[in-house]
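Now for the letters of each chain:
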Amino acid sequence: MTAYTSAVRRLLPSSTSSNHRAIIKQLQLSFYRTDPYVCSIGHAVGDVMELGNTICLEFTTWADMRRPSYDQTILFGERFMSFFRACPTAFRWLTRLILDNITFRDSDFHSFLNTCSKVQFLSLTYCDSAFDPVTGEDIFLKIDAPDSTLTVLEIHTCGYERVDLIQAPKLRRLVCTDWIGAHSPLTFGIVPCLDNINLRHDAQEWQTPFPLSQCFSKTTNLKIMYLNFLDQMVWIEPEDPKYLSHVFNNLREVYLYNIFFECDLNWTMFILEAAPFLNKLYLKVSRHPCERSRCKHSAERLNVLWHQASPDFKHRKLNLLEIIGFAVDEELMKYIRHVIKQEVDLKRIRLLDQPPCSKCDAIDDTQLPSKVRWRFPEEEEERKLIRQQLIDGFSSCVEISIG
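The shown structure was predicted, so the numbers you read here are calculated from the model rather than taken from an experiment.

**Let's talk about the packing of aromatic side chains**
Tallying each qualifying case throughout the model produces 24 aromatic pairs. Residues Phe80 and Phe104 carry aromatic rings whose centres are separated by 6.4 Å and whose planes lie at 85° to one another, so their mutual orientation is edge-to-face. One end of the pair, Phe80, is in helix α3 (residues 70-86); the other, Phe104, is in strand β4 (residues 103-104), with 24 residues separating them in the sequence. Considering the side-chain rings of Phe83 and Phe91, the 4.9 Å spacing of their centres and the 75° angle between planes classify their relative orientation as edge-to-face. Like Phe83, the residue Phe91 is buried in the burial classification. Taking NZ or CZ as reference, Arg96 lies 4.0 Å from the ring centre of Phe121, over its face. Sitting over the face of the ring of Trp93, Lys118 holds its NZ or CZ atom 5.1 Å from the ring centroid.

In structure tokens, the structure reads:
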């Protein structure tokens, strides 16, 4: 850090240095949160900001050890807040911040976020807030920043029971992965610009599926939704589409990725029924035995059943259905035919093989799914027969590409 800090101070111009006429439009710095170096870096950056030429300022700060203890993450949080208070000019101009392994105290996070009004991108990994050992109350991350310019928020493997987005008026994209709470990981308040949600999670044994309306009920501008189940339990609960119709009215693209291969896919129809203007539906069926033992506390994989589809339902806007992990399988063929039947103006179906996986290749064949059941059609004659089987009995002009 000594050499890094010296280089930063030497290279960055200031109002008093001989190279103060140099113009830096974008500045990205990555460094460890180590005293006293961070403050020295912060002051050097502050001098650059005083020149008024920088548009984008990004800090990526790291813990100086792997897998720190809880007491150490508290220390890292104190270091970061000391850095924040000692370098107000730098943080006042900050536009992107990437943090890991920090435990915030009391109102530190709220103070930081509302002071750094220019931050547009914020990423938290392995972060949480200090808990009271006496009360043992759950820890919630509350984001109440009515004047914030935050447009992208990423929360990865953090120790919060739930994230409450009370006010984030400019937020457009939210990424949330691997939460610890037993139920819905999010609640939304005033987020009028939010149009892209990405949730990725390996469900644990103490967690139960939740209906999307439980956390999305106040979002009305969603255009893209990405849900990744990581070959584990499907952690959303199908529900009556009427509870989501106002939420999904603007939805255009849906990605449902890494659904474990034994799971029935008919439950996905509730999303189609709730999203009348959906253009593209992407599904990825996972056949990764390498993922099956990723965590000994993973929730049991249970088939998801859905029998509430409206018999008269027709969808008129879907242009593309893509399935990654397609194979010659009766249930999968039935599902695709069901979609063709419901989607009046479906233009294209794209069926792709599962990408190769070196980890799966290294596993003994006896642990792999049946190769007979999961055989991707390679020959053109077989592909032609599959296309005919999929549209048999329908007056559909859908284009079906395989491979």
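**Quick notes on the pattern of salt bridges**
Think of it this way: side chains of opposite charge can pair up when their charged atoms draw near. Under the criterion given, the structure shown has 17 salt bridges. A salt bridge links Asp100 to Arg33, with the nearest nitrogen and oxygen atoms 3.6 Å apart. A residue pair is termed long-range when its members are at least 10 positions apart, and Asp100 in strand β3 (residues 96-100) and Arg33 in the loop between β1 (26-32) and α2 (37-50) qualify at 67 residues. We classify Asp100 as buried; its relative accessible area is 18%. Here Asp108 and Arg85 are joined by a salt bridge, their closest N and O atoms 3.3 Å apart. Taken together, the residues span a long stretch of sequence, with Asp108 in helix α5 (residues 108-115) and Arg85 in helix α3 at a distance of 23 residues. One connected set of salt bridges, linked through shared partners, spans Lys142, Arg162 and Asp164.

Scoring rules and cut-offs
Residues numbered from 1 in each chain as written. Predicted model: local features only at pLDDT ≥ 70, side-chain atom pairs only at ≥ 80, totals over all residues. Heavy atoms only, no water. Phe/Tyr/Trp six-rings, centres within 6.5 Å; stacked < 30°, edge-to-face > 60°. Helix = DSSP H or I, 4+ residues; strand = E, 2+ residues; numbered from the N terminus. Buried < 20%, exposed > 50% of the residue type's maximum accessible area, 1.4 Å probe, protein only. Lys NZ or Arg CZ within 6 Å of the ring centre and 35° of its normal. Salt bridge = Lys/Arg side-chain N within 4 Å of Asp/Glu carboxyl O.

Just distances and angles here, no functional claims.
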